[in-house]
Structures are given as structure tokens and as C-alpha cells.
Amino acid sequence: MANRQALEQLAEWIKGSSYTVLLTGAGMSTESGIPDFRSQNGLWKNYDPAYVSSVDALEDHYHLFHEFYSLRLQDVETRIPHQGYEVLSRLQEQGLIHAIATQNVDGFHLRSGSQNVYELHGSLRKIYCHTCSQEHSIEAFKDGTACSCGGKLRPSIVLFGEMLPEHIWQQAITAIEQSDLVVVIGTSLQVYPVNQLPAVTKGKTVLINKEPTALDHLFDLSIYSSAKDSLLEVENLLVP
């Protein structure tokens, strides 16, 4: 099915859905310039992502961990969410999208005004003590300040070796269970357990991604295009 025809079909499904949930991945972020950790370019080229994003790095090589996440925070702060994020916020205001689950930690959905956002892998924008869980400012983390208990400060993201936040995971599951439509945007669906979420719905499923994935056959509709361009076109079809 050609992309134009597929986008028209998606718009019709959104109109007919009483509860639509989006699941977004790195493809949403990369179009705003945020590097994908699987790439070997830019921010990640001098680091081993499997190690620097692990609990072991936090506990045993904090200097490396702190250096890397200070750079990540700095990078996110210089980026601007692309127009696709604004589309999602507007569609939510119109009652056409009801919840967003995201693998991304940049906070761009919330920054763009979206509501009911389930940050499955946490957020770079929230800082807390790894030892006592006391909240701290981003500035305190960047400055290398220790917690009053002596613990190390860290972003509130899910590191390798940690579980997803249970309450956020359950909220996302509940939303998808009641959905008529799940739209997956910008993810290759390689990360467990998030890649299991589309199968939870009894409704229709749609994939929007720049390239095919190994799980495309599980979707009712696949659209191979950029997240921003697809969302702008869907909005035009929904709100002529």
C-alpha cells in the first residue's frame, strides 16, 4: 500500500477510534537531532553505550558516567522538538489521541504540551540520589554535587541492569488494553519488554518507521516514512 493511501487509512482509523495510544521510540528523537545510542556517530562515538548506561558504570566509574550524562543533558537542552511533537499535542487537545507511551528519555513529549505521557525508560530531566532517592536539580548533577547522604546523583532513567518503573509500565499496559488503535512511531522494536506492548491491544495496530522491522507482519498497517512528515500529513487529513 502506498504511503498516501496508508496515511488516509490511518486518519480514518483515528477518526473511528474511541481510545488511541501512541508508542514512540528513537525515531521521534533522532529527527530532532538527538543521537540514537545504536549509532556510532556524534555523542556516542567515544563511549560504549552498553557500559556507560549501566548500573556498573554508575557505581564503579562515576566520573565516566557523570561526564557522559552531563553531555547528554547538554545535547538535549540545545535541541528543539520537531513539528511532529506539536501535532500530537494538538491531536490530544482535540480528543483524537488519548495517551502516549515512549521509550525516549528526552522529555520532548511533555515539553511540547502532551498529556498522559508514560515515560517507560524514565527522564533525563529528573535527577535523584542513587542511594537515598532524594530529588535534586539538574544543576546539582552537572556541578558534580553529592547528595547530603553522600550518595551519587543520577538522571531518573532506566539503566542497563535495572527494571522498568512498575507503575509507569502498568499505566501503559492499562491504556493499551483499552485501546481501539495503537500507533507505533520511530522504533525498530528491538528492546524488550516494550516491543511486546503492541500485542496487548485488541484493536488495530499501525507502524510508522523509516525502514521495515522484523515485526512488521504483526501490524495491520505499515508506513515507511519519517515521523514528522507522517504526523503532519495525518493532521492535514484529520483537520483539513
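Please refer to the structure placed before this passage.
The following paragraphs examine the structure supplied in this document.

The rules we used
Residues numbered from 1 in each chain as written. Predicted model: local features only at pLDDT ≥ 70, side-chain atom pairs only at ≥ 80, totals over all residues. Heavy atoms only, no water. Phe/Tyr/Trp six-rings, centres within 6.5 Å; stacked < 30°, edge-to-face > 60°. Helix = DSSP H or I, 4+ residues; strand = E, 2+ residues; numbered from the N terminus. Buried < 20%, exposed > 50% of the residue type's maximum accessible area, 1.4 Å probe, protein only. Axes fitted to C-alpha atoms, helices over the stretch in contact; angles between N-to-C directions. Parallel < 35°, antiparallel > 145°, perpendicular 65-115°, else oblique. Left-handed = near helix turned anticlockwise from the far one by under 90°. Contact = heavy atoms within 4.5 Å. Nonpolar A, V, L, I, M, F, W, Y, C, P; charged D, E, K, R; others polar. Pairing = 2+ DSSP bridges. Core = buried A, V, L, I, M, F, W, Y, C linked by side-chain atoms within 4.5 Å.

1. Description of the packing of aromatic side chains
Under the criterion given, the structure shown has five aromatic pairs. Taken together, a centroid distance of 4.8 Å and an interplanar angle of 45° make the contact between F65 and Y69 tilted. Of this pair, F65 and Y69 both sit in helix 5 (residues 62–77), separated by four residues, roughly a single helical turn. Here the two residues F65 and Y69 agree in accessibility, since each one is buried.

2. Observations concerning the packing of helix 1 (residues 3–16) against helix 10 (residues 227–238)
Packing of helix 1 against helix 10 brings their axes to within 9 Å, and their N-to-C directions diverge by 60°. In terms of orientation, helix 1 lies oblique with respect to helix 10. Regarding helix 1 and helix 10, the two cross each other, and that crossing is right-handed. Counted together, R4, L7, E8, L10, A11, I14 and K15 of helix 1 and S230, E233, V234, L237 and L238 of helix 10 form the full contact between these two elements. Along the lines of polarity and charge, the residues of the contact of helix 1 with helix 10 split into seven nonpolar, one polar and four charged.

3. Some points on the pairing of strand 6 (residues 153–157)
Summarising burial for strand 6: four of the five residues are buried, a large majority. Direction of pairing for strand 4 (residues 122–129) relative to strand 6: antiparallel, over a ladder of five bridges. From the neighbouring strand, I127 faces strand 6, where its bridge partner is P155.

4. Some points on the sheet that holds strand 2 (residues 99–102)
Spatially, six strands are ordered 3-2-1-7-8-9 in an open sheet, and the strand pairing comes out parallel. Looking along the sheet, the strands with just one partner apiece sit at the ends: strand 3 (117–119) and strand 9 (221–224). Going from strand to strand, the sheet's axes swing by 15° on average, the running direction of each strand aside. As paired strands, strand 7 (residues 181–185) and strand 8 (residues 204–209) are joined by five bridges and run parallel to one another. Across the sheet, I185 pairs through a bridge with I208, a residue of strand 8. In the packing of helix 1 onto the sheet, the strands contacted are strand 7, strand 8 and strand 9, and the crossing angle to strand 9 comes to about 130°.

5. Some thoughts on the nonpolar core
Grouped together as the largest cluster of nonpolar side chains are 51 residues, with contacts concentrated most on L10, Y69, L153, V183, I185, V206 and I223. When residues no more than four places from it in sequence are discounted, the contact partners of I223 are N3, A6, L7, L10, V206, L207, I208, N209 and S230. In this structure, L23, V194, L197 and L207 belong to the second largest nonpolar core, which totals 21 residues.

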